[in-house]
Structure formats: C-alpha cells, structure tokens
Amino acid sequence: MNASVDKRLDRKLMSNLSFIRASFGNSQDLVIKEMNNDNGLQAALVYMDGLTDSTVIHHVILDYFMSEEQTASRKSGNRLLYLKNAVLAVGETVTISEWDPLFYQLLSGWAVLLLADSPDAICVAAEGWKDRNVSEPTSQVVVRGPMEAFTENIATNRALIRRKIKDPQLWTEGMEIGKITKTSVSIMYLRNVADEKIVEEVRKRLGEINIDGILESGYIEELIQDTALTPFATIYNTERPDTIAAGLLEGRVAILVDGTPFVLLVPALFIQFFQSAEDYYQRADISTLLRILRFIAFMITLLAPSLYIAITTFHQEMLPTSLLINLAAQREGVPFPAFIEALAMELTFEILREAGVRMPKTVGQAVSIVGTLVIGQAAVDAGIVSAAMVIIVSITAISSFVIPATSMSISVRMIRFVLMGLAASFGLFGILLGYILLVLHLNSLQSFGIPYMQSFSPFIWSNQKDTLFRLPWTKMRTRAVATAEKNLVRQRPRNKQKI
Amino acid sequence: MSRFTRRVGKLLLLMLVWSIAASAVSGCWNRRELDTLGIQLGTAIDKVGNQYRVSVQVVIPSELSAKAGGGGRSPVAMYEATAPTVFEAFRKLTETSSRKIYSAHIRVLIIGESLAREGIANVLDLLSRNPEARTDFYLMIAHDAPANQILKILTSLEKIPAENLFYALDTSAKTWAPTTTVTIESLIEQLVTDGISPVLTGVRLEGKARQGENISNIQQADSRTRTRITGLAVFHSDKLIGWLNENYSKGYNYIMDNVTSTVGHQTCPDGGYIVMEVLRNKTKLIPKVVDGKPVIKVKMKQVASVADVECKIDLTKPETIKMLEENGKQRIRGVIQGAVEHVQKTYNSDIFGFGNTFHEYKPKQWEKWKDDWDELFPQVKLEYDIELQIPKVGTTNDAFQNYLKK
Amino acid sequence: MQREQQTISVRQLAILVIFFIIGDMQLYLPPLTAAFAKQSAWMSGLIGVPFGVGAAWFIFRISKRFPGKTLIDINNQAFGKIAGGLLSLVFLVMMFNTSITQVREIADFVTTQMMMETPQLVICLLLVLPITLAIRGGITTIARLGEVIFPLFSALFILLIILLIPKIDLTQLLPIEVTGFPGIVKGALFFIAFPFCEMFAFLMIFDSVEESEHAARDYLLAALAAGIAIWVIIVLCICVLGVFATEHTVYSPYVMAKKINIGDFVQRLEAVLAIDYIISTYFRCIIYGYAFVRGLQQLFKLQDHRFMMRPFGFLIVGYAYFLAPGIVAFVQFDVAWLFWVFTYSPGLLLLSYIAARLRQGWSKKGEG
C-alpha cells in the first residue's frame, strides 16, 4: 500500500474499496456497506462504527439511497451532484476526490459514499458518538454561578462560549495540531477587544508546534509557554465557560483543544490564579475580603513551615516566653531536628494528598481516616513529632487548597520546600533571601509578552480595581490595561436617575 | 532546544553550588533546637570573696506543659557557678548543666546586696553587650539575703519563681506606689547621665529560706516562705548606699511620676480612716533659680476617688470633699517632703534627677552647677503646686456606717 | 543578544530613590548623628533634610541639563575621552566600593545581631546570587523588584513607627541645643552626605526614566519622604532609647525595636526592623552595583553587561571580606568616608558639570 502514489480516488469502485480496506488493515470498526442493484455494484457506504450516528446512517442515508437510487440512476446529468444536493437530507456534505482528506473525514466520524464510475466521493456529516453531557465543574467549584463545565467535545465547548457571548466579533480560528492525532484546536477571541499582537503571537506559537500527538491542552500549554524554567504556570486553564467568557471580554485569547474540558487562556497574570469566577458574582465587599483571605492563605502556605523552623531553631528570642516554654515542652523527646520533622510531616501530607486524588472515591475515605490518625494522633502520642508541628502542617495544607487555581497551589507547595531548606540553614535571613529571589524570578517572567506580575510591577493604578480588590461593577468601567489595548471602555457612565 | 538545556543546566549548576555552599557551611552555627536549650528565666549574681557567683534558674518545660501537668517535681532547676568574671561564670555553668543556658528570655536579674555595694557596672556591661539578651527584664536587689536564695523560693500562683518576681513587681508598680520597675537601659541611662542617680527595687525573703526551696512550700495555701518586693535601693554612681522605706519610696515615685495608681489613707476629723484610691497622677518638676539657689517646683495633678470609709463622715456634702482634697494635698506634700529630706540628709544622692531637670530645662545654669552638684543637692528647696480632685466617691454616696443601728 | 533600551517609570524611580536614601541609613545614622549632636540630633536632621533634598535636586538638575546622558557621557563631554574616562573611572571605583560596602554592612549586622556564630563570609556568599541576578536583569528588573517589595517595606516601616509611639519619652530631647551649634552641623553633614550626596549613582539611571512632567516633582517628593523617614528614626531612637544608648549601641534602632511591647502580646518585633534594613540596604547595593556595571559597560563601550556578573559576584565576596578587619575598624571609616563622599558629590560632580557646560556653550557658539 502506498498512499502517496495513489493520492486520488480511482474510478473503479471495487479498487477504491479494497484500497480502503488495505489502508485500515481490515480494522474491525471499519464498516463498508455495499449496495447492489441489478447492474451489479452501484455504490458503497463507508463509515467507522461507533464514530457515526446510526440514525443518520440508517434512516437518512441508507433509506433514501435504497429507495431513490433507482430513480436517480434514471436521471441524466450528474448523478453525484443530484445525490448530494437533492437526495441526502443531511446538514453537511462534501465532495472529496483525494484519499488523505477522505480518511480524515472518515476518521472524524463522517460517512463516505462511494459511487461506481466516479472518481469523487460524497462525505456526509454523520458524526455521533457517546459524549459526556455538560456537567458540573469538578475542579473549580463555586457556590454561586453557572454550574456547567466544558466537555471533551470541542464543538460543544465552542457552543458553550458562544451561548455566553452572542457577538459576531467573537472570532474562531481552527487548526489541526499533531501529525498523527490531528487534534482540532480552536482559538477564540473578541476581535474588537483583543490585542492583535497577542493573537498573532498565539497563532505563531501554535503554528510552530510540530509534534505527533496532542492529547490534552497541557501539551499545548507546555509547548507554547514563554519559558519552561519556572515553577509557575504562565498560561491559565479552566473548565468553566464563564471564566473563559470573562477572559475573552477582557481581551484574552482562549485556546480550545478537542478531547479535553480544560480550555487555555492567555496571557495569564500572577494575580489571575488567585481570582475565582465567583468573585464576580458575589458582592464586591465579600469578594475583596475573600481575595485578601486567599492572599493570606498563599502567604501561609509559602511561609508557615519555614517561619516555624526559622523561629524555633534560630530566633527563639522572638517567641513570647510562655509560648517558648510551651513549644519546648512539646519538643522534649522529639528525636529529630525541627527541619527534619517538618520535612517528614510535609512529605507525609503530600503523599496523603496525592493518594487521595488518585484513589478510587470509595477508598478515599479510609485513606483520609488513616492519614488523620497517623499524622494527627499516633505520631504525636508516640513523641515522634510535636503537636505544634502538626498544627503548622495542617494549616499549611488547608491554606494551600484555598488558592483557586491548582497549578498555582502546586507551585507554591514546591517553593515551600526550598524556603524550608533556607530557613533551616539561615533562619529569617535565609527566608528573606528566598523571598527576594522569588520576587526577582516572578518579575522576570512573561506571559505572551505581558509581564507576569503586571498590575503590581509595573504598577498600574487603574488595574487595581480588579486585582487584590474587586470594586463593585458600577466602578469597573474599563478593561484591564495591557490585555485589552483597544476598546478599553467597558460600560458607559450610567445616568443617575432620581427615584 | 540545546540552548534551553544548556540554560537549564547552568541554572541547576548555579542552584546546586549555591545550595551546597549554603547547606554545607551552615552546619550547625547558631542552630539550636528547642530541646537543647536551657531556658533561663532568672539570674542571680552575688559576690563571694573576689569572685562572682552566678545562679541561673532554668525552666524544665515538661513540668510546665499543660498536658503533663507536672509530676510533683520542681518546675525549675538552679545552676550555680563561681568565677572571677561574670561571663566566665556563665559559661562555667555548663559544667553542671546538660544544656546551653539560653538567656534571651530572662525575666529578672537579682543582684546581691554585697555586690551592689561594690558596684554593678561590670555586670551591666556584659548584659548590654550580649545581643541575645533582651532588655525587658527587671533588675532587683536582694535585701538582707543572698540573691540566689531569693530565686530559689518556690511559689504557688506562678510555677516559676522568676516569673513570680517579674509579675509581682510589674503588678505592684502599676497599682502600688512604693515600687518601681527598672530595666537595664533605663538603669544605664541613669548611670551615665549627669544629675541623676538610679534606684532599684529591693526584694526580701520572709520565712525560712531552706523551707522555701522545698516543693512542700507550695503544697499548702499559705506558703511558709515567700518573697516580698519592698523598698527602694538608693545608688550613688553604681554603688548601693542605702534603702528607702515604703513611705519614702512612695514619695520618690510621686516625684518621678511613676505612680499610675495607688492607695492612701487620711485620718478623719473624729478618728478612723478614709481610704482614697489614686486613679490618675501626673507630676512635673519645674526647675527654678531663686537667689542663686536651686529650687524645684513640684507640680502635681492627681485624681482620686473614695474607696473605703471607716469613720463617720458625711460624703454628701461638697465641703467634706473639699476638706478631703485639702488633707490629701497636705499628705502628699508631707510624703514628698519627707522623702526628699531623708535622701538629702542621709544619702546625698540625687535619685530624683533634680540635677537632670536643670540640665534639661536650664542648660546654662546647669553648666555652672554641674561640678559642685554634690554640694548643691542637699540645698535644693521644694515648692509645691498640688492639685487634687476627688470627682467620684465610688458607687455609694454616704457611708452606711453613719446609719448603723445602735 | 542585543539589548533594547530599558525604561522605568517615574513611580519606579521614586521607589528606588526611597530605598536608596533609607538604605543602610536607618541603622547607621542615629548613632552617627547622636555621637556629634547628642540629644539635638533631631535638629541635625531638620537641617539635613532640606539641604539633602537640595543635593538630590542638584544631581537631578545635572541629568536634566544633559538629557539622555549618563555620568560617563557627561565626564567625557567635560574633559574629553581620556581625562573624562579617568574621572569616570574614579567615580566607578567609588560606586564599586560603596556597593560592596553595603554587602559588608548586611553581613556585619546579621553576624552581630542575628547569627553570631555564622561566619561573615557565608552571609556575603549568600547575598551574591540575589545581587548578581538583579543586576543582570538590568534596571527594569531592579525597578520592578522595588515596586513589588515596596508595599511590604513601607508597611513594616510604618508598623514599626506606630508601635513605638507609646514608648516615646519626649524629655529625652531636652535640653535643646546644649552641645552648641557645631555639633549639630557636624551631625547634619552626615545626614546630608550619606543618604543624599551619594545619590550620584542615579546619574547612571536617569536616562532610563520615561519622560514625564511629574518626574522632578515625584523624584523630590521621594527624596523628601525618605529624608523624613530617616529623621523619624533618629528622633524615635533618641526618644525611646535616650542619647547614651543611641550613641553607644552599634545598631541602636535595632535595640529600639526590641522595646516594642503592646499589652505583653505585640512584642519582640526587632525582626521587622532587621528585614526592613536588609531590604533597603540590598537595594542600595544593587543600585550602586548596577551603576558601576553600566558605567563600565559604557566606559569601555561593551555590548552587554551580563558577562561581568560572575566576576562581580566573586568580587563581592572577596572585597567585602577585605574591606575592613573588623567592625571596630569599619566604624572608624565614618568620618573619612564623609569627606570622601563630599569630594565626589558635590566636589568632582560640580567640576565636571561646570566643565561640561562650558564646553557645551563653546560648541554652541562655534555652531552659531
């Protein structure tokens, strides 16, 4: 078999069919329905079992074909055209005369109708496979707000976004990435808001991808990010259509990948990972408080264990006397240095967390009970760790889950260990150095040309309305600078009506 | 891609070198685990012959934790060492103690009377030079007892004797005029400033010393042996020269504006007492030169309230209040006058900082007097401008004693 | 890789100015001024702030007069390539020296107050990475770093001051003016020289600042605010600790911070001051370091400054170590350093300015 030699379809139906069979190696799910009449073989319908909608195949194509073929054959003129335009009562049909696109359509779930004595084939849109329904988001839960999440189907996902933004300016560009998987990827943006430079950059970077397969948007994320040398995500991902719609309204670009409910959003800023969709649905004051709370949680996750280590092993003079005596009493008999103790506990926690995620749901309960008992009770009773350390580890663990974006929460947990090491070697001085290095690093990051720490550095006053604080919607008249270079105004000042 | 790997490699190498350098050299300097520390809460320094005897009180944390509840052992341990210098003595403590003595949390420093009489400057230098030591502990002079003995007395309310002394002094300084708190920098500041001499609170032992060291001392509600904070030690330069009794101490604190709240009584016209609680007090010293002689005007404003009436007196009349105010003024004046005269005659040490007041407000005059202040101090005359208000009489107006059934 | 011209905003410049002026001064100035002016150190500060801001303004004027030019360019214009280059080299020596002095100061402080047994060398070694990485990133990185850290810095600073207010004893400021005027002026000289006159390092930065009509205003406000901040520290130090302790404690503001105690709960916050001190001194170090590295790059017409970072990093460790044998000798430099600073700024700077102006005038006449 050599596809490159026989690029085009043959006139003979038989040889076409055998070519298809040979190309697919007689795959089980390849169905070839031959339709004969008195004159012999007249036509064949080829489709992939499981990728096609059987209703369309049976009722629309086969029924009509079987009944109308006779009349059709009697007609003069282009039989193919007639079939295509008049007989097949399906939404979309394409005439194809080359093998490569034909195979692509076939594998995308289209049915291919081959006719005798015709070098062209009619491809009929008949995709239909078992899709997950639009369900509730699982990774980004809100109390108030839409309860729908993206699915694995890119068309559904596009529709979910379209349903939120009904504007022709919402442009979609599609492409296939992956030499083998031919995964369809769409970029969506609001043409009159998004910065053309960023859109162009996205196009360019996606175009440069040259990989055999894309199975999840994570592939794309790593392939187009600005730098790999960082623990921080510079591309935002979400399974919430409302978050994507909000991002599009701010002038960001969404990248949808077929086969995954996680849609990418660029450019991503540091602060974005601390914002939840719900912030915009709750009252402004509540949202502001929650954001500050998340920031505090972020600080606790980052610093609590290292500060504990630094203070208890280097700067005991900073503790109030009674607290010092209390901690010292707890540490009596603990065999490890505080750093090892903390490291062991944090590792244990990470293991438990990972186990909890990978575990079948039914076993999860058991693990959490064992974990609590092991960490909380037995270890302290046995005198292997001090109770204060358990408190520190637990508060760190819980705080790390407050950060809405998982990618950020994982980064923070990673950096925490570095800071713990610095704290164990140099106390507060080490933590301070680590902090300076961290900020230096964050400042060197960019997401699609936008500084990662934007709004803070460079400090943009007008962006403060929606960074750490969230002002009421009446005050948020403009979009964030830099992601939306043009069309900044979001709402006109309202006419104050006297009631 | 190769550039990328090279960059990663370089960065990793850099981090590696940095972290190895960091952790390899860090080793153990300055790292002290909590369970290797002997947390020192109290220190007593005595002079024995030519040597210093340092006694430190170290907490036994497990005896103090909420969970353990104490197994009937003493919550503190005392370590003592004697050496020619204080610092050597401190380090020598490790001969007997299993842990390094950690001094950042010291609450009280008790100096033996004999050491105080010889001068305390050397001791203070060590404490102010040591970066570890904090400055919020109180200094006291052991009165009529070796300093280490004071620290050994176990008390019931606070498990740690040093904490007991700290809080006892802290509370009494806030609510009882005759005591005052002195921290190390204020002491050093007073030692180096012209025209002021320091005082330190004294602490004395009541009961048998031996008994106080025993845990049985705190097994009864009324401990046989206790410590009592009382009186002020008067210094001249850094040497102790004498003591002030309770009344003189009160006068001292009035002048120094150390009184925030205290209690005082007056005699009623028909005998018996009426007790006043001082709510607010503010004293200001105004230096004056009258006929070329130093005069200090004591300007004082006090707000008091009637706390207890133990005599027949009609508190409903404004005249009575007026009279109480007048009497009160006289009393305060008497207390102050007594204290100043006593110090002028007996010790001739300017513990009231009169000289410093001149230095602050009349610097030119002070330049002239500076050198013969020791002769001038006993001649300082006092003027008074005392204002006493009694705006409140408590929750009852007239005392019920006035209506007692016969 | 050719580098594009880096720019920073006026806001970022103002923040850098504040960091630079407060720098190591929040710890060193109180004992220095108190040593000369005693309890009247606060008056030294009052005299020092306007003169200091004046000095800052003078440095800013120079850059305005020669827009887009750095100190190196001005020197070249003033005395020609060779003499100007030599003068620039003299300035660069000063920048290099001061930059690394800051590292030494941090190391001294940390090993005296926080971690006594740790060798100073290790502290210097640890500082190398953050310093070289920041300078390597250029002025944009430094400015952005400043912008992110500034809220933390100023919050801690203000917190410290508020918590110290209950401990203030104003009578410590009495008597007013007893050591006489000379002492106060001597104190004021320190106040002007170290924080403000040393700002000539900014002549290497001004050309990167974005055009703005507020530039002069914001710059001077920043200098004023920072001047007042140091003045407040001096006043607090004397009011809280007294003159003797302020003068005779090596790090008196640190001891002052130890005195914070609000209701026996908010206490032992000296770490706050330590953090603030290390941050601002670090910035002073990287601003000087950047000025030095950029100066070298311009002087020798180098394409890139980044290759210099490794040798510079090694020099930090070595030079900081050899700067002085110990803290006693180090403190001895103070008076000499004062005159050294004045030699450069306004001394040499004024010379260079006038010469450059004259030559500019000639060339204009020649054209006209």
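Calculation rules
Residues numbered from 1 in each chain as written. Chains lettered and ligands numbered in written order. Predicted model: local features only at pLDDT ≥ 70, side-chain atom pairs only at ≥ 80, totals over all residues. Heavy atoms only, no water. UniProt positions renumbered as here; feature names shortened; annotations may be inferred. Helix = DSSP H or I, 4+ residues; strand = E, 2+ residues; numbered from the N terminus. Rg over C-alpha atoms; globule rule 2.2 N^0.38 Å. Buried < 20%, exposed > 50% of the residue type's maximum accessible area, 1.4 Å probe, protein only. Contact = heavy atoms within 4.5 Å. Areas by Shrake-Rupley, 256 points an atom, 1.4 Å probe, with all protein chains shown as cover. Lys, Arg positive; Asp, Glu negative; His and termini not counted. Charge placed at Lys NZ, Arg CZ, Asp CG, Glu CD. Patch = residues over 30% accessible without salt bridge, like charges linked within 9 Å, V, L, I, M, F, W, Y side chains within 5 Å. Salt bridge = Lys/Arg side-chain N within 4 Å of Asp/Glu carboxyl O. Phe/Tyr/Trp six-rings, centres within 6.5 Å; stacked < 30°, edge-to-face > 60°. Lys NZ or Arg CZ within 6 Å of the ring centre and 35° of its normal. Buried area = accessible area lost by both parts, 1.4 Å probe. Polar contact = N/O pair within 3.5 Å; in protein donor to acceptor, adjacent residues only side chain to side chain. Nonpolar A, V, L, I, M, F, W, Y, C, P; charged D, E, K, R; others polar.

- Chain B carries the name Spore germination protein KC in an unreviewed UniProt entry, which gives Paenibacillus algorifonticola as its organism.
- Per UniProt, the comment on chain B under Subcellular location (unreviewed entry) is "Membrane".
- Quoted verbatim from the Sequence similarities (unreviewed entry) field of UniProt, the annotation for chain B is "Belongs to the GerABKC lipoprotein family."

- Identification of chain A as Spore germination protein KA from Paenibacillus algorifonticola is taken from an unreviewed UniProt entry.
- According to UniProt, the comment filed for chain A under the heading Sequence similarities (unreviewed entry) is "Belongs to the GerABKA family."

**What about the overall build of chain B?**
For step 1, the next point in the chain: Helices and strands together make up the secondary structure of chain B, namely 14 helices and 13 strands.
For step 2, the next point in the chain: The globule rule puts the C-alpha radius of gyration for 406 residues at 22 Å, and the 27 Å found for chain B is more than 25% above it.
For step 3, the next point in the chain: Expressed along its principal axes, the backbone C-alpha trace of chain B runs to roughly 100 × 65 × 60 Å.
For step 4, the next point in the chain: The buried share of chain B, taken over its 406 residues, is 51%.
For step 5, the next point in the chain: Taking as baseline every contact in chain B between residues at least 6 positions apart, the subset at least 24 positions apart corresponds to 71%.
For step 6, the next point in the chain: Summed over its atoms, the accessible surface of chain B is roughly 19,200 Å², and 52% of this surface lies on carbon and sulfur atoms.
For step 7, the next point in the chain: Charged side chains of chain B number 52 positive and 46 negative; the gap between the two group centres comes to 6 Å.

**Structural notes on a nonpolar patch on the surface**
Residues and elements named next belong to chain C.
For step 1, the next point in the chain: A surface patch of nonpolar side chains, about 470 Å² in accessible area, is lined by Ile158, Ile162, Ile165, Ile168 and Leu170.
For step 2, the next point in the chain: Tracing the backbone shows isoleucine 168 in the loop between α5 (120-164) and α6 (181-193).
For step 3, the next point in the chain: Residue isoleucine 168 is classed as partly exposed on the basis of its relative accessible area of 32%.

**Remarks on the packing of aromatic side chains**
For step 1, the next point in the chain: Inspection of every chain in the model, using the stated rule, returns 58 aromatic pairs over all chains.
For step 2, the next point in the chain: Where A:Phe270 meets A:Tyr452, the ring centres are 6.0 Å apart and the plane angle is 70 degrees; that geometry is what we call edge-to-face. Here A:Tyr452 lies in the segment after β12 (450-451) and A:Phe270 lies in the loop between β10 (263-266) and α9 (284-313), a separation of 182 residues in the sequence. Across the pair, A:Tyr452 and A:Phe270 agree in class, each one buried.
For step 3, the next point in the chain: Ring plane angle 75 degrees and centroid distance 5.7 Å describe the contact between C:Trp340 and C:Tyr344, whose orientation is recorded as edge-to-face. Pair noted here: C:Trp340 and C:Tyr344 are both in helix α12 (residues 327-367), with a separation of four residues, about one helical turn.
For step 4, the next point in the chain: We classify C:Tyr344 as buried; its relative accessible area is 5%.
For step 5, the next point in the chain: Among the aromatic residues, those joined into a ring-pair cluster are C:Phe20, C:Phe60, C:Phe91, C:Phe200, C:Phe202, C:Phe206, C:Tyr219, C:Tyr288, C:Trp337, C:Trp340 and C:Tyr344.
For step 6, the next point in the chain: One cation-aromatic arrangement involves A:Arg191 over A:Trp171; the distance from NZ or CZ to the ring centre is 4.8 Å.
For step 7, the next point in the chain: Here the guanidinium or amino end of B:Arg107 rests over the ring plane of B:Phe166, the centre of that ring lying 4.0 Å away.

**Describing the interface of chain B and chain A**
The accessible area lost on association of the parts is a frequent measure of interface size.
For step 1, the next point in the chain: Of the residues lining the interface, 32 residues belong to chain B; the matching set on chain A comes to 26 residues.
For step 2, the next point in the chain: Across the chain B/chain A interface, buried area totals approximately 2,500 Å², and carbon plus sulfur atoms make up 66% of it.
For step 3, the next point in the chain: The interface formed by chain B and chain A contains four salt bridges.
For step 4, the next point in the chain: Residues B:Arg99 and A:Glu332 are paired through a salt bridge, measuring 2.9 Å at the closest nitrogen-oxygen approach.
For step 5, the next point in the chain: The tally of links between chain B and chain A comes to ten residue pairs in polar contact (both at pLDDT 80 or more).
For step 6, the next point in the chain: For the side of chain B that touches chain A, the secondary-structure elements that each account for two or more residues are α1 (2-26), β1 (37-48) and α2 (61-64) of chain B.
For step 7, the next point in the chain: Classifying every residue of the side of chain B that touches chain A gives 16 nonpolar, six polar and ten charged.

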